[in-house]
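Close look at the chain arrangement
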Amino acid sequence: MNKRRSKAGTVRTVLLLVCVLAGLAAAAYIGFTCWVNKYGDLTKEVWDTPYGMTRREDVFTLLVAATDEEQERTDSIMVVTFDFRKKTVDVLNIPRDTLVDTERTGDGKKINASYGEGIDQLCTEVQSVIGYRPDRTMILHFDGIASIVDSIGGIEYTVPFDMNYHDASQGLSIELKKGTQILNGEQTVEFLRWRHNDDGTGYADGDVGRIEKLQEFLKAFGEEIFRPENLLKLPQMARTMADNVETDLTRAQLMWLAMQGMSMNMDDVGMETLIGDSAEVDINMGYYLWYYVIDEEMALEQINQSFNPFTTPITELDVVTPDTIPGAYSPNWIEEKEYRYTVAGLDFTYELPETEDEWYDDEERTGYSDGEEYGYDEYGYDEYDDYDEDW
């Protein structure tokens, strides 16, 4: 009889202890969420609004960029638009090879080189191609990305194919096998850094194809980091973020954003790439380089539909176009743009310069396309291609 009473007393003691611990955990959680909501709520902030524009309520934009190994260029650039009222997130990827209007030359005219002049310059050039300046910034370095991934125990992801690349000069050895697996921090960085294999094989669409895989990977990352069971890890993740990223968000704001993410379905996150084409461009340098060229007309429609933080439409971008640099673009740009407009069901029109001199300074010019030499006729077209007579 005494033994039964003893066992019953032990059970009651354990239950009481469990209740006390549960109560303390609940109190700690309530206190934590109250602190986060008080000091981290981004809907209470007043963001800069250009003259003549009206801000959408409870909308916040964040520039997220990941640097290369040398931390001199940005390997990935994204602008994220959060609508906390509608509980939506839209991510706009800006290809790193995007041509921008800058005094830098050669590869320096690509937007990924702007970070070498500081975050402010990166924001300025991002604004030139999307029409507005993001509210806050977050710059991730590879070490930081690895630490964040390791803090949540890795990411389950399906590697699309075997990835094998080695570069002794960078101390880089990437050896990832095709298939579903748990990637740790180091492997995640290897996946993000990978461009092509040792034999030259890679994504079919080059950097655009890489961006598509990056978007897919980010959804997997979001699904992992925003699991409800990771709620208690938020303080640790926020510390890891604060220690390994360059941002003007406070720790409370980082945790508040993470809490909002946990209430969202990652399948509903919209991801797009700023509309444009890869093209060979000669900007008074005497030779062509490949850039990503923004299509202003289609990009404006895209931005106003999903990413514009204002109720007022954005009407123009500060981008380099054939109109600003006559003759700079190779014919493939015209072909690619016509094809894209046709697929989208839009009318395509392109007006030739009135005179030959406006198109090319020389009567005939030689360029390079996919490693092959070709010539242009008096209109600047590839002399070996046939074009519609209406052009």
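Refer to the preceding data block for the structure.
So, a few notes on the structure that sits alongside this text. (Residues numbered from 1 in each chain as written. Predicted model: local features only at pLDDT ≥ 70, side-chain atom pairs only at ≥ 80, totals over all residues. Heavy atoms only, no water.)

1. Describing the overall build of the protein chain
- Within the protein chain, the secondary structure is distributed over ten helices and 14 strands.
- Across the 391 residues that make up the protein chain, the buried fraction comes to 48%.
- Within the protein chain, counting contacts between residues at least 6 apart in sequence, those at least 24 apart form 63% of the total.
- In the form shown here, the protein chain has an accessible surface area of approximately 20,900 Å², with 48% of it arising from carbon and sulfur atoms. (Helix = DSSP H or I, 4+ residues; strand = E, 2+ residues; numbered from the N terminus. Buried < 20%, exposed > 50% of the residue type's maximum accessible area, 1.4 Å probe, protein only. Contact = heavy atoms within 4.5 Å. Areas by Shrake-Rupley, 256 points an atom, 1.4 Å probe, with all protein chains shown as cover.)

2. Notes on the nonpolar core
- The biggest cluster of nonpolar side chains holds 56 residues, and the ones touching the most others in it are Phe60 and Met138.
- Setting aside its immediate chain neighbours within four residues, methionine 138 contacts Leu62, Leu63, Val64, Ala65, Met241, Val245, Glu246, Thr247, Leu249 and Leu254.
- Within the second largest apolar cluster, 27 residues are counted, among which are Leu63, Ile130, Ile294 and Ile303. (Core = buried A, V, L, I, M, F, W, Y, C linked by side-chain atoms within 4.5 Å.)

3. Quick look at the side chain of serine 306
- With respect to the helices and strands, serine 306 occurs in helix α8 (residues 296–306).
- Apart from residues lying up to four places away in sequence, serine 306 is in contact with Thr81, Asp90 and Glu272.

4. Thoughts on the packing of aromatic side chains
- Scanning the model with the defined rule gives seven aromatic pairs in all.
- Considering the side-chain rings of phenylalanine 82 and phenylalanine 84, the 5.7 Å spacing of their centres and the 15 degrees angle between planes classify their relative orientation as stacked.
- Taking the relative accessible area as the measure of exposure, phenylalanine 82 reaches 13% and is therefore buried.
- Given a relative accessible area of 10%, phenylalanine 84 falls into the buried group.
- Pairwise contacts between aromatic rings join Trp47, Phe60, Phe82, Phe84 and Trp256 into one cluster. (Phe/Tyr/Trp six-rings, centres within 6.5 Å; stacked < 30°, edge-to-face > 60°.)

5. Topic: the pattern of salt bridges
- One pass over the structure, following the stated rule, counts ten salt bridges.
- For arginine 85, the salt bridge is made with glutamate 57, and the minimal N-O distance between the two is 2.8 Å. Taken together, the residues span a long stretch of sequence, with arginine 85 in the loop between β2 (74–83) and β3 (88–93) and glutamate 57 in the loop between α1 (2–40) and β1 (59–67) at a distance of 28 residues.
- Judged by its relative accessible area of 53%, arginine 85 falls in the exposed class.
- Linking glutamate 117 and arginine 104 is a salt bridge whose minimum nitrogen-to-oxygen distance equals 3.3 Å. Separated by 13 residues along the polypeptide, glutamate 117 in the loop between β3 and α2 (119–130) and arginine 104 in the loop between β3 and α2 bring together distant segments of the chain. (Salt bridge = Lys/Arg side-chain N within 4 Å of Asp/Glu carboxyl O.)

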